[in-house]
Amino acid sequence: MTETLLHQRFPALKASLPRLRLGSGPTPVRELTHLPTAAGPVWLKDEGAYGDGGWGGNKVRKLEWLLADAVRRDRRTVITVGGLGTNWGLATARYGREHGLDTVLALVDQPVDDHVRAQLDRLRDSGARLYFTRTKIRTVAAAPLLLARYRRACVIPPGGSNAVGALGYVEMALELAEQIRAGALPRPGSIVVPVGSGGTAAGLCLGLELAGLADVTVTAVVVNDTLHLDQHTIHRLARRTATLLTARGADLPALQLSPQRLTVTRAWLGTGYGHPTPAALTALAVAREHENLALEPVYTGKAMAAVLDLTADDKPGTETPVLFLNTNGPR
Ligand SMILES: Cc1ncc(COP(=O)(O)O)c(C=O)c1O
């Protein structure tokens, strides 16, 4: 358990909301100078560098708080949910095991490609117990059985998107503010981030306010049609996270969470979760060829497609510099 920027700011949280250090920051930032954009510069904050062995990214930041909370509550098992190729489930199983926690995964169907097949093999190797619940309804129906079988388990929602998990991106926003202060990047006008279950965007919105960056706009690119994700749900989770911080002893300033500062869009979703879009495939190729940046088609490719469209010309509403958050879906 090490001190975080959040703990430095609110020392009362050190004992009440511990953090297990799984990755190391600050994650690198760089200008994407070779992207074909017409409007202002685009910067990258590369969350792929957070965590080890290529399994880093936004999941690791959430797990730092979620696993610490499970350990604090003396839980032995973590139950969570994901698609068949879930990065989230794999990260939970791997990091959980390292910290003495078993993982139980309920898996719902998603389009199966080579990556998903390989990911399923990794999930089997991870030691997690897998339940193929296939649909959302059957997952909900299976919940009481799983809870009866794994007593004293800690239940974490898909993607780790609850108030505890969102703390990972509150912390990241504080880290970003320090990097801006240190001159590592300019203050962004807007940040583009993919949204699968909302915790990353919610933590980011709250964190930007706490970090004195409340005027930065967030474009939250929804890549998942199986959950209800809109401005209201993301701000609600941000408020819940603030309530958690207050309940655990932090003296928070008054929050705005201004609707003008958060756009939640399904414009780059395509047919649905896990279905590649032509724009995302183009964005993957552009990022690889122009910037040597490896993205994937489910999350970060769709968010990069948004960045390319939003900066293709001077569209009103896209405030530059744009910061692209590579939340990192390992391939
Ligand atoms: C690579 C990547 N980016 C973005 C997300 C979405 O983040 P969130 O679920 O917090 O919205 C995920 C979800 O697991 C992910 O794997």
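Residues numbered from 1 in each chain as written. Predicted model: local features only at pLDDT ≥ 70, side-chain atom pairs only at ≥ 80, totals over all residues. Heavy atoms only, no water.

Draft legend 1. Geometry of the packing of aromatic side chains. Applying the stated rule across the entire model yields two aromatic pairs. Centroid distance Tyr131 to Tyr150: 6.4 Å. Interplanar angle 75 degrees. Geometry classified as edge-to-face. Of this pair, Tyr131 sits in strand S5 (residues 129-134) while Tyr150 is found in the loop between helix H6 (136-149) and strand S6 (153-155), placing the two residues 19 residues apart along the sequence. On the accessibility criterion, Tyr131 (22% relative accessible area) is partly exposed. Residues Tyr273 and Tyr299 carry aromatic rings whose centres are separated by 5.9 Å and whose planes lie at 65 degrees to one another, so their mutual orientation is edge-to-face. On the criterion of sequence distance, the pair formed by Tyr273 in the loop between strand S9 (262-265) and helix H10 (278-291) and Tyr299 in the loop between H10 and helix H11 (300-310) is long-range, its members being 26 residues apart. On the basis of relative accessibility, which here comes to 24%, the residue Tyr299 falls in the partly exposed class. Residue placement shows Arg61 over the ring face of Tyr50; its charged tip is 4.1 Å from the ring centre. (Phe/Tyr/Trp six-rings, centres within 6.5 Å; stacked < 30°, edge-to-face > 60°. Helix = DSSP H or I, 4+ residues; strand = E, 2+ residues; numbered from the N terminus. Buried < 20%, exposed > 50% of the residue type's maximum accessible area, 1.4 Å probe, protein only. Lys NZ or Arg CZ within 6 Å of the ring centre and 35° of its normal.)

Draft legend 2. Geometry of the side chain of Gln119. For Gln119, the location among the structural elements is in helix H5 (residues 114-125). When near neighbours in sequence (up to four residues on either side) are disregarded, Gln119 contacts Trp55, Gly85, Thr86, Asn87 and Leu90. (Contact = heavy atoms within 4.5 Å.)

Draft legend 3. How the structure looks around the site of the ligand. Around the ligand sit 16 residues in total, of which Lys62, Gly196, Ser197, Thr200 and Thr327 are the nearest. Lys59 places a polar side-chain atom, nitrogen or oxygen, 3.1 Å from an oxygen atom of the ligand. Relative to its free-state accessible area of 390 Å², the ligand is covered by the protein chains to the extent of 98%. Only helix H3 (58-72), strand S7 (190-195) and helix H8 (199-210) provide two or more residues apiece to the shell around the ligand. Of all the elements, H3 adds the most residues to the shell around the ligand, at three residues. (Near = heavy atom within 4 Å. Polar contact = N/O pair within 3.5 Å; in protein donor to acceptor, adjacent residues only side chain to side chain. Areas by Shrake-Rupley, 256 points an atom, 1.4 Å probe, with all protein chains shown as cover.)

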